[in-house]
Amino acid sequence: MIIAIDGPASSGKSTTSRLVAKKLRISYLNTGSMYRAVTLYFLNNNYSLEKDNVLEVIKSIDIDVSDSVEKESIILNGIDVTSKLRTLKVSSFVSKISSNNLIREKMVEIQRKISQNKSIVIDGRDIGTVVFPDADYKFFITASIEERAKRRFEELQIENKSVNFEFVMKEIRDRDYLDSTRELSPLKKANNAILIDTTHLTLD
Ligand code: DC
């Protein structure tokens, strides 16, 4: 069984997906973390997005994700990079990486492989439209931009990161724009997905 959950940044989709997977005792995959791990790899190595270079780099990338819904763990070429994926630097560069067709093809291939022969909740931007158009259940989770920025700001404060609210709001607005206007697999609700607006909803 495949449960596809798509939606914009900080809409609550990942937290919800994890809880649903836990409740149903099935696997969970956060595909945003995969794009973030690739972004980190490019940033750390100063790689360019020139075609031949991308082809070389994706050959050398090995991403392993833990199946555990309790704790996310993303292993990039043998190193656990989970704690480094949600920095503002990665967030502001990730749209460049995720709009690259060669990188997307590779990620989609890994996502389909990970999901083979199991029941899984998988969240992202293109899961119900491109990765698993025949998913058993599809949801599109969203919330107002103000509410999403507020949630992200509070998260960053808990992590002791010093940022201002306007900066967080701009980062989310920019990413919304890039994610939904890109040519390849843009963020889009699948026709048959159930829309859930969480602006005034608690997590439960
Ligand atoms: O869900 P997130 O904010 O961690 O995702 C990070 C970025 O990765 C997001 O800006 C768009 C991209 N992404 C994507 O293009 N396709 C997916 N399936 C998941 C994420």
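Each value, and the rule that gives it
Residues numbered from 1 in each chain as written. Predicted model: local features only at pLDDT ≥ 70, side-chain atom pairs only at ≥ 80, totals over all residues. Heavy atoms only, no water. Near = heavy atom within 4 Å. Polar contact = N/O pair within 3.5 Å; in protein donor to acceptor, adjacent residues only side chain to side chain. Areas by Shrake-Rupley, 256 points an atom, 1.4 Å probe, with all protein chains shown as cover. Salt bridge = Lys/Arg side-chain N within 4 Å of Asp/Glu carboxyl O. Helix = DSSP H or I, 4+ residues; strand = E, 2+ residues; numbered from the N terminus. Buried < 20%, exposed > 50% of the residue type's maximum accessible area, 1.4 Å probe, protein only. Pairing = 2+ DSSP bridges.

Q: Help me understand the site of the ligand in this model?
A: Near the ligand there are 15 residues, and of these Arg36, Arg104, Asp126, Arg175 and Arg182 occur at the shortest range. In the model, an oxygen atom of the ligand is placed 3.5 Å from a nitrogen or oxygen of the Lys13 side chain. Between the ligand and the protein, one listed contact pairs an oxygen atom with a side-chain N or O atom of Arg104 at 2.8 Å. Relative to its unbound accessible area of 440 Å², the ligand is 97% covered by the protein chains.

Q: Before we go on, may I ask you to explain the pattern of salt bridges in this structure?
A: Proximity of charged atoms lets side chains of opposite charge pair with each other. The tally for this structure, following the rule as stated, stands at eleven salt bridges. Notably, a salt bridge pairs Arg125 with Asp179, separated by 3.2 Å at the nearest N-O pair. Of this pair, Arg125 sits in the loop between strand S6 (120–124) and helix H6 (127–131) while Asp179 sits in helix H8 (residues 165–181), placing them 54 residues apart in sequence. Note on Arg125: relative accessible area 13%, which makes it buried. By relative accessible area, which is 5% here, Asp179 ends up buried. Taking the shortest distance from any N to any O, the salt bridge between Arg148 and Asp176 comes out at 2.6 Å. With Arg148 in helix H7 (residues 145–158) and Asp176 in helix H8, this residue pair connects regions lying 28 residues apart in the sequence. If you follow the salt bridges from partner to partner, you end up with Arg125, Asp179 and Arg182 in one network.

Q: How should unusual backbone geometry be read in this particular structure?
A: A negative phi angle is the norm for most residues apart from glycine, just as the trans form is the norm for most peptide bonds. Positive phi is not limited to glycine here, since Asn77 has a value of about 45°. Tracing the backbone through its elements, the reader meets Asn77 in the loop between strand S4 (74–76) and strand S5 (79–80). With a phi close to 40°, Ser185 is a non-glycine residue in the positive phi region. When you line up the elements, Ser185 lands in the loop between H8 and strand S8 (194–197). Note on Ser185: relative accessible area 17%, which makes it buried.

Q: Help me understand the sheet that holds S4 in this model?
A: Backbone hydrogen bonds are what pair the strands of a sheet, in a parallel or an antiparallel way. Spatially, S3-S4-S5 is the arrangement adopted by the three strands of the open sheet, whose pairing is antiparallel. The sheet terminates laterally at strand S3 (63–65) and S5, the two strands that pair on one side only. Bridge count for S3 against S4 is three bridges, and the pairing is antiparallel. Opposite Asp64, over in S4, you have Ile75 as the bridge partner.

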